[in-house]
Every structure is written in structure tokens, then in C-alpha cells.
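Coordinate analysis (summary)
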Amino acid sequence: MATISVPLEGGQVGAPERPHLKASDLLRWSVDHKIIGIQYMVTAFFFFLVGGTMAMMIRMELLTPNLDVMSSGSQYNTLFSMHGLTMIFLFIIPMFAGFGNYLLPLMLGAKDMAFPWLNALAFWLIPPAGILFMASWLVHPPEAGWTMYPPLSTLFSGDGQTLAALAAHILGISSILGAINFIVTIKNMRPPGMGYWQMPLFAWAILATSILVVMATPFLAGALTLLILDRIAGTSFFDASKGGDPLLWQNVFWFYSHPAVYIMVLPGMGVLSEVLSIHSRKPIFGYKMIAMSSMGIGILGFTVWAHHMFTSLQPELRIPFMITSFFIAVPTGIKIFSWLGTLWGGKLHLNGALLFALGFLSMFVIGGISGVMLAAIPFDIQVHDTYFVVSHFHFVLFGGSVFAIYAAIYHWFPKITGKMLNERLARVHFILTYLGFFFTFMPMNWLGMLGMPRRVAYYAPEFQNWNRVVSFAAFVLGISTFVLVYNVIVSLRQGKEAGANPWRALTLEWATTSPPPATNFIGDPIPYEDPYGYGTDKANAYLDEIDRRFGVADEAPMPRPTAPAPAPAAGD
Amino acid sequence: MQQNLMEQGLSRQEIQALRNKRTGLAIFQLSWIMTFVCLSIVNLQLRNMAPTWPPPGVDQLNALIPTLMTLVLIASSFLIRRGTKAMKAGESEAFLTNWRYALGLGTLFVIVMAVEWITVPYSGQFSDVFRLMVGFHGIHALVIGWYLWRVYRNGQAGAYGSNHYWPVEGGASLWHFVTIAWMIFYVVLYIL
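Calculation rules
- Residues numbered from 1 in each chain as written.
- Chains lettered and ligands numbered in written order.
- Predicted model: local features only at pLDDT ≥ 70, side-chain atom pairs only at ≥ 80, totals over all residues.
- Heavy atoms only, no water.
- Helix = DSSP H or I, 4+ residues; strand = E, 2+ residues; numbered from the N terminus.
- Buried < 20%, exposed > 50% of the residue type's maximum accessible area, 1.4 Å probe, protein only.
- Rg over C-alpha atoms; globule rule 2.2 N^0.38 Å.
- Contact = heavy atoms within 4.5 Å.
- Areas by Shrake-Rupley, 256 points an atom, 1.4 Å probe, with all protein chains shown as cover.
- Expected span 1.5 Å × (residues − 1).
- Polar contact = N/O pair within 3.5 Å; in protein donor to acceptor, adjacent residues only side chain to side chain.
- Core = buried A, V, L, I, M, F, W, Y, C linked by side-chain atoms within 4.5 Å.
- Buried area = accessible area lost by both parts, 1.4 Å probe.
- Nonpolar A, V, L, I, M, F, W, Y, C, P; charged D, E, K, R; others polar.
- pLDDT = per-residue confidence, 0-100.
- Arc of directions from axis to C-beta.
- Phe/Tyr/Trp six-rings, centres within 6.5 Å; stacked < 30°, edge-to-face > 60°.
- Salt bridge = Lys/Arg side-chain N within 4 Å of Asp/Glu carboxyl O.
- Axes fitted to C-alpha atoms, helices over the stretch in contact; angles between N-to-C directions.
- Parallel < 35°, antiparallel > 145°, perpendicular 65-115°, else oblique.
- Left-handed = near helix turned anticlockwise from the far one by under 90°.
- Patch = residues over 30% accessible without salt bridge, like charges linked within 9 Å, V, L, I, M, F, W, Y side chains within 5 Å.
- Lys, Arg positive; Asp, Glu negative; His and termini not counted.

Moving on to the overall build of chain B. Within chain B one finds six helices and zero strands. Reading the helices (α) and strands (β) of chain B from amino to carboxyl end gives α-α-α-α-α-α. Structurally, chain B occupies a C-alpha span of about 65 × 30 × 20 Å along its principal axes. Going through the 192 residues of chain B one by one, you find that 49% of them count as buried.

So, in C-alpha cells, the structure goes:
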């Protein structure tokens, strides 16, 4: 038997004192990355509920072909604009920043992020931006969609558009500061024995995401600056009648916002790599390919922006962007097949985390395929601005990012709180979410191909049946969220104890108590040589050592040494 | 490098913090230079769209004074670099002298470009985008210049030494950023 590496140096046996997190801790300035991470997550989840409420109102409006809930089409415009902006800028991006903050230093065996103070600043920029954003309801919320195309956003949208643009500006700065912190932490603070190729894949995903953030977000800042100047300073950069160019906005905006699509999904892909490997007790298939495909997506992500503009672009530029858009499916495909390879022959523990990860796998593939369809110019021109597009991006953003966020919540909740989530409720949550999601967004494909335009409160009466299906499924999807909320509240009070390492996972965040002490680790943790080396005697010895150091909860969810050893890795 | 720092009596944590600051600042600069690239692209696209650039009846920008100012800025960056090197070697006086001249040149640059900003006649997109770019750069020059001034004053009070000069190093690095950002704008505004 090979030598056993121990998770922690130093002779201390037994758990250090566990901190007890109070709700009031979340309201104060703290430079502890764990508290900041939770602050991000709670804030983002709050905005998820806000944005979700708007989605429910949209679906109520669309139950009938006529205007009934909203007082005017203009009010409907504000609703879907605010829904999109909230979900993207105030939910998905900060939510993943929250997981990155909480997990990255732990995964790297570090005591905190590289710049703790900057980290806190990056978080505390979000609440004022959120307030500024919501304050736009008081004046006149933006009506130009989340893409804020001029002249809609310059000539036809109320003062709320200015506030929303300012808020997005602040959120952009917050993202850049957060991303700089992530990159420096990954580059400089890895422990001895953890080269780039021994990093958990979540850290790789955060690295790729952060590179996208630092390189692309300045373009959003530039675009928003021009927009704000056009709105309040009398310039006319986007006004064609005065020598400006509306296409200028589209170019600069999408040069940020297409990479932003990957900013929203890459961390989710990182979550999936962790969850699939751990809960199927198998080494990850194609570690290097998954890591490099994150980078590949990051680089290719900068070359495809104009596929959002096929109908407005000079025709001679369409073909190159069609080709790059097809290409970007390749690294994503590499990931999908690697994940399937990971699952193949594994011993699947179908708990909440793995169920949502499998949900991601299935739904994201549908979104990916409709993405490739949209990359084909003739098809894109046919379904441009229809519900097909709405379906596509919800399949990747909800079916991808949100399912990954759910998987991450089920997977890391025990580490963050020290309590297990209720698995029965997790299953109810999954089934409602999965079915609600599928029947909300799948019929939108048919509606889009039949020609139902997006962003309009009225529609042709023959679309009503499918719209009813969509709306009812959306209500189920909305309700499913509260199953999770209920589960979290109940589990925080009376959930089972998690113990340090309930999933018997090899990454370093599990080699400390749940929740971790203020300094994360007592002593410097020693990473296991392969973060996904499940199924070997050496890995089991390492995991047993963690159990011995920190103890095991009474009802641990993964089989322990007394039970039959995990199935040996097959197929590799 | 690590060995040098150890010899200068820095602890492991201090070395780590210094490494982090250096990497962090470098990444910030790489990121923030993209805003300048973005505005350059904006300029080029507006120019492409316009039938004539500058518009009929408007003179091309006179490049003579801005060219001189570009040289002034490059010279200031050079002096900042010399001063920083002197500080690393522990020569506080040489640091102060170099930075004093550099700050003088930087101030000259900002004042002259502010006059250019004010005096450019209004001509729609052409002057708007000029003002946007020069103004955007000017704000950076002012804020970072003000920071350099603070560092200079602290230097006069003897706050830095050969083993403690991060504010000097960081400020210098930011001033080089101002210079490089201006060179991008200079090419776009006056040469292309």
C-alpha cells in the first residue's frame, strides 16, 4: 500500500471549536470570505425571488392573448426588462461569485482570499446597486429589455433606464474587483503540492470566468458610459439622425454580453464537475480536457458576439460569426461527454445534488442544441425575436446556471451550515423544478417556430393553448422554489448533523469542520495528490484520516469504511 | 526575488501580500486598459460610419501640441521609473528629485490637454468623441497624479525605504498605465 498522505499537518486530533453564524453577521461589514460568500448568496437569492415574481406576472399576463394584468404594453415592457436585468446582474452573476468566494480559499487550503478588504467592498457595492436598480420603479423603469438597445433605451425609455445603467455600472465594477481577487488567489495562494493541474475543476472554472470578467466587463462600462451620456449629457453617439450609430451599442454591448453568457454558465460547469465525480464515486473523466475546455470557451467566447446581430449586421460578416459560433459548441461538447464518461459505470448516489446535476446535463444539452440551431443564419433569421430564442436562453440559463446553483446548494449546504438538507424535500423540489421547467420552456420552442414574437403582451389567439401550458408549468416552477426555501429553513433548525466530510470528498474544503473555523484550517492542510482520485486504497486512507480527525456524523450519507468499500473505478 | 525579500527581513505573510498586490495590480491594469480599447473602437466605428471625418467645414485636429505633450508624458513616465529604481536602491533624494520633475511634467500635460479639451470647437460626433476620450483619460491622469503627489509627500516625510516601497512601485506602475493608455488614444485621435 502506498504511503498515506495526511490531510493536516500538526498533531491536533479532534475538531476545533465550530463557529456559530448569526443572522446579524450577514448585515455587518466583514472581511471573512465565508461570511462574504454567504452575503452574496443570500442577496442574490433575494433578487432571484424578486425576478421570479416578475416572471410569474409575465406568465399571468400571457395566459390570455389580450392585455389583462398589465395596464399597458409599456408596463409589460418594463416587466420583462426588469426581470432580465435582475436575474442576470443581481442573481446569477453574484450567486456564482458567492460560491466562488466561499469555496475557493477552502479548496486551495488558504485562510482567506488574496485581498479580503477588496472582497468585502466588491460585495457591498451590490446592495446599493440593487436599491438603485429597484428605485427605477419609482420613476419609470427601463423598457428596452435587458439588452438596452438604442434608440429604445435612449428615446423611448424613462429615467429608470439611467438608474438601471448606473446600477449595472456599479455591478460591473464589483464583478471586476471580485474577479481580480479570484485570479490572484488562484495564482498565488495554492498550497505546496497543488499545481494548476491538481486544482479542483471548480477553481479552473472560476479562473476562466474571472479572465472573461476582467477582459470583457470594461466594454460594458464603456457602453454604459456612452448610454448614460446620450441620456443625460446631450451627446448622440447612438442617434443615427445626428451621425451616431445604433449598431455601435450592439457591437460593444455584445462584446461584453456574449462572454457574460459564459460568465454565467462556466462556474455552473465547475460545480457539475465536482458534484458528478463525488456523487458517482468515480474519478473525473478527462480532467485536463475539462479544464482546458473552460479556457477554450473563455477564448472563443470573445469571437462570437455578432451572432446576436445576424439580422442587423453587414451580410458579409455573417458567415465568419456563424463559423465561430458553431466552433464554440466543441469545448462545451467535450465537457458534456467527459461528464457522461464520469457517470458511466459509477455508483450513483441520487441525492439532491446529483439529481440537479443530472438535470443540468439533460436540459443544458437541449439549450446547447437550440444554440447551434440559432447559430445557423437561415434558421436564425426565421426565428429571430421569437419565443424560440426565449426558450434557448432559458434552457441554458435556467436549465444550466440555475440547476447548477441548486446542485451547488445541495452539495455545499452541509459545509456552509453544518447541517444536511432534507433529501425527501430535495426530491420533491427536483421533480417540481424539472417538470415545471421543461413544460415552461419546451413549448416555447413550438411557439417560436410558429412565429410568436417575444416581448409583446398580445399574441394571436391560436397560440393560447400552448401559452396556458407554459404559464401553468411556470407557476409550478415558481412554487418549486419555495420547497427549497422551506427545506433550508427546516434543515437549519432541525437538520441532521453533517460532519466534516459527509460526501467523503477529496477536495480540501471538506478537510475541515462544517462550518469551517474563522481561519478555515487548523494548521496548513495538505491536498490529496489527485482531487478526483476516488476508488483507490490511498484515497480511502486519506478520507479515513479526515474522518478520524474530525469525526463522522451519526447518519452519514456516504458509506464509511465499515460498509463495503466504494466500487472500484470502472472504465478508465 | 523571494530570497531577496527574505533577506530584507520581510515575513512570509508580508512577501505573500506583496506578491498578491503586484499580481492584482497587473491584472487590474490589463482589465482597465480594455476601457481605453473600447473607446478607441467606438471612435473608429463612428469614423467608419461618417461620410467624412472630420465633418465638412471642420479642421483636422492639430497634432503638434498633443505630440509634444505625448513626449512630455513619456518623459515623465521615464523619470518616474528612474525615481522608483532609486527608491529601491534606498536613494531617497534621487527618488524625490526624479518624481518632482515627473510630477511637473505630468501637471503640464494635464493642463495643456485640458485647454485642448475646452477649446475644441463643437462639431457633433467628431468633437463629442474627442472630448469623451481626452476627458476619460484626463480623469485617470488627475486621480493617479494626485496619488503620486501623496506618495511624493509621504516620501518627503521619509515614509519609504529600500525594503518598503510598495506605494512607490504601485503608483509608478499606475502612471505607466496612464502613459500607455494615452499612447493608444494618441494613435487613434491624431495618427489614424
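Looking only at helices and strands, chain A features 18 helices and zero strands. In terms of C-alpha radius of gyration, chain A reaches 24 Å, essentially the compact-globule figure of 25 Å for 572 residues. The buried share of chain A, taken over its 572 residues, is 62%. Pairs at least 24 apart in sequence give 82% of the contacts found in chain A among residues at least 6 apart. When the accessible surface of chain A is summed, it comes to about 20500 Å², and 69% of that surface belongs to carbon and sulfur atoms.

Residues and elements named next belong to chain A. In this model, helix 16 (residues 423–450) (28 residues) spans 41 Å end to end at C-alpha, consistent with the 40 Å of a helix rising 1.5 Å per residue. The N-terminus of helix 16 is capped by N422, whose side-chain oxygen sits 2.7 Å from the backbone nitrogen of R424. Looking one or two residues past helix 16, G451 carries a phi angle of roughly 105°, positive in sign.

For soluble globular proteins, the rule of thumb is that nonpolar side chains tend to be buried together. Counting residues in hydrophobic clusters, the biggest one holds 243 residues, and the most contacted among them are F99 and W339 of chain A. The element contributing the most residues to this core is helix 2 (residues 73–107) of chain A, with 21 residues.

Moving on: the interface of chain B and chain A. Listed as interface residues are 26 residues of chain B and, on the opposing side, 29 residues of chain A. Here chain B meets chain A over a buried area of about 2400 Å², counting both sides, of which 70% is carbon and sulfur. The largest contributions to the chain B side of the interface with chain A come from N20, Q45 and Q125 of chain B, which together make up 21% of the buried area. For the interface between chain B and chain A, the tally reads eight residue pairs in polar contact (both at pLDDT 80 or more). Residue assignment for the side of chain B that touches chain A shows that the elements contributing at least two residues are helix 2 (12–49) and helix 5 (125–156) of chain B. In terms of residue count, helix 2 of chain B provides more of the side of chain B that touches chain A than any other element does, 22 residues in total. Counted by class, the side of chain B that touches chain A contains 14 nonpolar, eight polar and four charged residues.

Residue and element names in this part refer to chain A. Counting through the fold element by element, T481 comes out in helix 17 (residues 464–494). A polar contact is formed between the side chain of T481 and the backbone oxygen of G478, at a distance of 3.1 Å. Every residue in contact with T481, bar those within four places of it in the chain, is listed here: F45, F48, L49 and Y406.

All names here are of chain B. Summary statistics for chain B give a mean pLDDT of 92 and a share of 96% for residues scoring 70 or more. Confidence scores differ between elements of chain B, with helix 1 (residues 2–7) showing the lowest mean pLDDT of 56 and helix 6 (residues 166–191) the highest of 96. The ipTM, which scores confidence in the relative placement of chains, is 0.93 for this predicted complex, and the corresponding pTM is 0.93.

What follows deals with the environment of G551 of chain A. Residue and element names in this part refer to chain A. Relative to the helices and strands, G551 resides in the segment after helix 18 (537–550). Taking relative accessible area as the criterion, G551 reaches 32% and is therefore assigned partly exposed. What G551 contacts, discounting residues up to four positions off in sequence, is A500 and I546.

Here we come to helix 11 (residues 318–327) of chain A. For helix 11 of chain A, the set of buried residues is F321, M322, T324 and S325 of chain A. The buried residues of helix 11 of chain A all sit within an arc of 170° when viewed along its axis, so they share a single face.

Remark: the centre distance and the inter-plane angle together describe each pair of aromatic rings, the angle taken between the planes. Applying the stated rule across the entire model yields 51 aromatic pairs over all chains. Ring geometry for W305 of chain A and F321 of chain A: centres 5.0 Å apart, planes at 75°, overall edge-to-face. Of the two residues, W305 of chain A is situated in the loop between helix 10 (287–300) and helix 11 and F321 of chain A in helix 11; the sequence distance between them amounts to 16 residues. Relative to Y152 of chain B, the ring of W149 of chain B lies with its centre 5.8 Å away and its plane at 25°, an arrangement referred to as stacked.

All names here are of chain A. Counted under the stated rule, the structure contains 11 salt bridges over all chains. Notably, a salt bridge pairs R504 with D544, separated by 3.1 Å at the nearest N-O pair. In this pair, R504 sits in the loop between helix 17 and helix 18 while D544 sits in helix 18, placing the two residues 40 residues apart along the sequence. Here the residues in one salt-bridge network are R504, D544 and D547, joined through shared partners.

In a pair of packed helices, the angle between the axes and the distance between the axes together describe the arrangement. Residues and elements named next belong to chain A. In contact at an axis separation of 8 Å, helix 10 and helix 12 (residues 329–343) are set at 155° when each is read in the N-to-C sense. Relative to helix 12, the element helix 10 lies roughly antiparallel. You can see that helix 10 and helix 12 cross each other, and the crossing is left-handed. Where helix 10 approaches helix 12, its residues M289, I290, S293, S294, G296, I297 and L300 are matched on the opposing element by P331, T332, I334, K335, S338 and W339.

Residue and element names in this part refer to chain A. Nonpolar side chains collect at one region of the surface, where I431, L435, F439, W446, M449, L450, W466 and V469 lie side by side and expose about 750 Å² of accessible area between them. For the nonpolar patch, the secondary-structure elements that each account for two or more residues are helix 16 and helix 17. Ranked by residues supplied to the nonpolar patch, first place goes to helix 16 with six residues. Assignment of secondary structure puts M449 in helix 16.

All right, on to the environment of A460 of chain A then. Within the fold, A460 of chain A resides in the loop between helix 16 and helix 17. Along the backbone, A460 of chain A and T64 of chain A are 396 residues apart, and their C-alpha atoms lie at a distance of 9.7 Å.

Here the focus is unusual backbone geometry. All names here are of chain A. In this model, P150 is joined to P151 through a cis peptide bond whose omega is 5°. With respect to the helices, strands and loops of the structure, P151 is situated in the loop between helix 5 (136–139) and helix 6 (152–155). Positive phi values are uncommon outside glycine, yet M148 reaches one of about 55°. Tracing the chain through its elements places M148 in the loop between helix 5 and helix 6.

In this section: the confidence of the model for chain A. Residue and element names in this part refer to chain A. On average, residues of chain A carry a pLDDT of 91, and 94% of them reach 70 or more. Low confidence marks residues 10–14, where pLDDT is under 50. Its contacts with residues over four positions away, or in another chain, come to six contacts. A low-confidence stretch, residues 563–572 stays under pLDDT 50, and its non-local contacts, those more than four residues away or across chains, total 12 contacts.

Residue and element names in this part refer to chain A. Note on placement: T225 falls in helix 8 (residues 201–232). T225 gets classed as partly exposed once you look at its relative accessible area, which sits at 24%. Considered as a pair, T225 and S153 are 72 residues apart in the sequence and their alpha carbons are 13 Å apart.

Now for the side chain of D230 of chain A. Residues and elements named next belong to chain A. Note on placement: D230 falls in helix 8. At 9.0 Å, K242 is the nearest oppositely charged side chain to D230, a buried residue that forms no salt bridge. One polar contact links the side chain of D230 to the main-chain amide nitrogen of F237, over a distance of 2.9 Å. Polar contacts involving the side chain of D230 include one to the main-chain amide nitrogen of F238, which spans 2.9 Å. Excluding its chain neighbours within four sequence positions, the residues that come into contact with D230 are T154, T235, S236, F237, F238 and D239.

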